[in-house]
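Residue strings, one per chain:
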Amino acid sequence: LRLRGARVRVCWPDVADAGLVVLLRRGGSDLGEAAALCAETGAVVLTPDAPERDGWPALRWAADHADELDADPRRLAVAGDALAAATARRAREHGIAVEER
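Please read these numbers as outputs of a predicted model, since none were measured by experiment.

K.L.:
Can you walk me through the nonpolar core in this structure?
P.N.:
The biggest cluster of nonpolar side chains holds 23 residues, and the ones touching the most others in it are Leu-20, Val-22, Leu-46, Leu-59 and Val-98. In contact with Val-22, other than residues within four places in its own chain, are Leu-46, Ala-58, Leu-59, Ala-62, Leu-76, Ala-77, Val-78 and Ala-79.

See below:
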């Protein structure tokens, strides 16, 4: 997938009605980390290659397109490093309920 010109990787679990995790790390996450998180949580895991300073566009896109990803938009989580924490706080400020991991 592509989001604002950046490549986004998605891992799908073998379960129905999966939650959705946006994995954010400065400099990007590798596909192995996303696949492991998908297997561990049973959630669809979306991770942009290099979100750099702002994970907000990826989170907004994921929340808006959860149905297309076969994920439940009410079960949205953000995982990763300090970028993920900052993005989760911003989501709460905008009324989007997210869980930090």
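K.L.:
Help me understand helix H1 (residues 31-41), please; the structure alone is not making it clear to me.
P.N.:
An α-helical turn contains 3.6 residues, so a residue and the one three or four places further along point in the same direction. Within H1, burial applies to Ala-34, Leu-37 and Cys-38. Relative to the axis of H1, the buried residues are bounded by an arc of 105 degrees and lie together on one face. Relative to its buried face, H1 has exposed residues pointing more than 90 degrees away, namely Ala-39 and Glu-40. Gly-42 lies just past H1 and shows a positive phi near 70 degrees.

K.L.:
Which parts of the structure should I look at to understand the side chain of Thr-87?
P.N.:
You can see Thr-87 is positioned in helix H3 (residues 82-93). We classify Thr-87 as buried; its relative accessible area is 4%. Setting aside its immediate chain neighbours within four residues, Thr-87 contacts Leu-24, Gly-55, Trp-56 and Leu-59.

Thresholds, definitions, all that
Residues numbered from 1 in each chain as written. Predicted model: local features only at pLDDT ≥ 70, side-chain atom pairs only at ≥ 80, totals over all residues. Heavy atoms only, no water. Core = buried A, V, L, I, M, F, W, Y, C linked by side-chain atoms within 4.5 Å. Buried < 20%, exposed > 50% of the residue type's maximum accessible area, 1.4 Å probe, protein only. Contact = heavy atoms within 4.5 Å. Helix = DSSP H or I, 4+ residues; strand = E, 2+ residues; numbered from the N terminus. Arc of directions from axis to C-beta.

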